[in-house]
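Architecture and fold: a report
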Amino acid sequence: MNRRPPTLSDVARRAGVSYATADRVVNGRAGVSEKAARNVQAAIEDLGYVRNVAAANLSQQRLYRFAIVLPAGSNGFFQRMQALFAEAASRLLADRVSLQVESVEAFDPEALTSRMTALAEAPLDGVALVASDDERTAAGIAALRAREIPVVTLVSDLPGSQRNAYVGIDNVVAGRTVGRLIRMAHGGRRGRVLPVVGALSARDHAERLSGMREVLGDDFEIAPVLEGRDRHEMVETLVGLALADDPEITAIYSAGAGNAGLVRLLEALPPDAARPYVFLHELVPHSRRALEEGRIDVIIDQRPEEEVARVVEHLTLLADRRALVRTDPIVPTIFLRENLPQVQADALEAAG
């Protein structure tokens, strides 16, 4: 004879508390005495009660409310992510998931902290953000967590903070991968690498450079790092000056954005001019075109479609107080001119 599974009412009776008290304990809400909470937990273990999240959400007509905070500006990668989140927001409404996508100035911890302060006062079930490596950002995350709002860092992590999870690639490994590719491109010869970042205060950019340096070691010279703030015109100007002043540069590694300016600079080179090997991040329209035309050599893409899907999955599980299914870093894709996907080309053309 099959026994019915225990219900929350059974748990409340066994614990000697009201249904409302048992519900608060199961859902992790405050307002329950320590003794009552212990009794409820003991009853859960005795009865083998398992919370049916789907049924609870259906009965309560639960609406998940998530905020996504991305850097503003001309960064093609984050424009692509914004479009992906907007598409997801439209699609997920039928599943009672509301995605509120916002932007703050890039590399501005004060603006990010101000936005988090406002979100801490909003009725939200979770927040995903691109973290700045700054004490103010850590404090903003702590403020959200103090309001029992889960926080997921995206693309750039802040591991010393109270964030619940990180979604993105392992940026040190990405940098080490580029270092290995630079070595392969030079075929055993020594070289001089010009690094370009948005800002060294961006942990993802700094970690990528660190990984590259680990692999190149003392066999390669590293030119002074350029900080282009992910702005096309600034990157174009700074790299142009560096190449004019330093003819020994044999490779460029752009660990950030602003690569439309780098591509313009490369397009302006004389057809017969030798160029450095060029390695950069993110498959967006201008980087794809440059790879197809042979003006750059490799694109490291962190698969933003996968990142968007994981962010929604993580925030939903955290809102339900369930364990995360996947916590491993996303494995990036290495694109050469020969393996560019046509489906990606069509999507990028529509987005660009």
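Structural data are supplied above this passage.
Residues numbered from 1 in each chain as written. Predicted model: local features only at pLDDT ≥ 70, side-chain atom pairs only at ≥ 80, totals over all residues. Heavy atoms only, no water.

1. Concerning helix α1 (residues 8–15)
- Within α1, the full set of buried residues consists of L8, D10, V11, A12 and A15.
- Lining the buried residues of α1 we find α2 (19–26) and α3 (34–47).
- Phi turns positive, to about 70 degrees, at G16, one or two residues after α1. (Buried < 20%, exposed > 50% of the residue type's maximum accessible area, 1.4 Å probe, protein only. Helix = DSSP H or I, 4+ residues; strand = E, 2+ residues; numbered from the N terminus. Contact = heavy atoms within 4.5 Å.)

2. Notes on the sheet that holds strand β1 (residues 64–71)
- Spatially, the five strands line up as an open sheet ordered β2-β1-β3-β4-β5, and their pairing is parallel. Of all strands in the sheet, those with a lone pairing partner are β2 (97–104) and β5 (165–167), marking the two edges. Averaged over all pairs of adjacent strands, the angle between strand axes in this sheet comes to 20 degrees, irrespective of strand direction.
- Where β1 meets strand β3 (residues 126–129), four bridges bridge the pair, whose relative direction is parallel. Looking at β3, one finds that V69 is bridged to L129. (Pairing = 2+ DSSP bridges. Axes fitted to C-alpha atoms, helices over the stretch in contact; angles between N-to-C directions.)

3. A closer look at the side chain of D301
- Within the fold, D301 resides in strand β11 (residues 298–301).
- When its relative accessible area of 2% is taken as the criterion, D301 is described as buried.
- A distance of 2.9 Å separates a polar side-chain atom of D301 from the backbone nitrogen of L283.
- A polar contact is formed between the side chain of D301 and the backbone nitrogen of R303, at a distance of 3.1 Å.
- Each residue touching D301, except ones within four places of it in the same chain, is listed here: R80, E282, L283, P332, T333 and F335. (Polar contact = N/O pair within 3.5 Å; in protein donor to acceptor, adjacent residues only side chain to side chain.)

4. Concerning the pattern of salt bridges
- Using the criterion set out here, one finds 28 salt bridges in the structure.
- Taking the shortest distance from any N to any O, the salt bridge between E87 and R91 comes out at 3.2 Å. Here E87 and its partner R91 are both found in helix α5 (residues 76–92), four residues apart, which amounts to about one turn of the helix.
- For E87, a relative accessible area of 43% gives the class partly exposed.
- Of the residues examined, R91 reaches a relative accessible area of 49% and is grouped as partly exposed.
- The closest approach of N and O atoms between E236 and R264, which form a salt bridge, is 3.0 Å. Of this pair, E236 sits in helix α10 (residues 232–245) while R264 sits in helix α11 (residues 259–267), and the two are 28 residues apart along the sequence.
- Among the charged side chains, a network of salt bridges with common partners joins E306, R310, E313, R326 and D328. (Salt bridge = Lys/Arg side-chain N within 4 Å of Asp/Glu carboxyl O.)

5. Some remarks on unusual backbone geometry
- In this model, R96 sits at a positive phi of 60 degrees, which is unusual for a non-glycine residue.
- A residue is classified by how much of its surface remains accessible, and R96, at 34% relative accessible area, is partly exposed.

6. Observations regarding the packing of aromatic side chains
- Evaluation of the coordinates by the stated rule reveals two aromatic pairs.
- Note on Y64 and F66: the rings are 5.9 Å apart at their centroids and 35 degrees apart in plane angle, and the pair reads as tilted.
- You can call F66 buried: its relative accessible area is 1%. (Phe/Tyr/Trp six-rings, centres within 6.5 Å; stacked < 30°, edge-to-face > 60°.)

7. A closer look at the nonpolar core
- Ranked by internal contacts, the top residues of the largest apolar core, which has 30 residues, are I68, L70, M81, F85, L99, L154 and V311.
- Contributing elements (two or more residues each) for this core: β1, α5, β2, β4 (151–154), β5 and α13 (304–319).
- Among the elements that make up this core, the one with the highest residue count is α5 (eight residues).
- Every residue in contact with L70, bar those within four places of it in the chain, is listed here: F78, M81, Q82, F85, V101, E102, S103, V104, V130 and L154. (Core = buried A, V, L, I, M, F, W, Y, C linked by side-chain atoms within 4.5 Å.)

8. A word on helix α8 (residues 171–186)
- For α8, spanning 16 residues, the distance from its first C-alpha to its last is 23 Å, which sits close to the expected 22 Å at 1.5 Å a residue.
- Along α8, the positions that sit buried rather than exposed are N171, A174, G175, V178, G179, L181, I182 and H186. One side of α8 holds all its buried residues, which, seen down the axis, span an arc of 165 degrees.
- Here α8 starts with a cap whose side-chain oxygen sits 3.1 Å from the backbone nitrogen of V172, and that cap is D170.
- Phi for G187, located one or two positions after α8, is positive at around 55 degrees. (Expected span 1.5 Å × (residues − 1). Arc of directions from axis to C-beta.)

9. As for the packing of α2 against α3
- Relative orientation of the contacting elements α2 and α3 amounts to 80 degrees, with a least axis distance of 10 Å. Relative to α3, α2 is oriented roughly perpendicular. Of the residues in α3, those touching α2 at T21, A22, V25 and V26 are A36, A37, V40, Q41 and I44. (Parallel < 35°, antiparallel > 145°, perpendicular 65-115°, else oblique.)

Treat this as a map of the structure, not an account of what it does.
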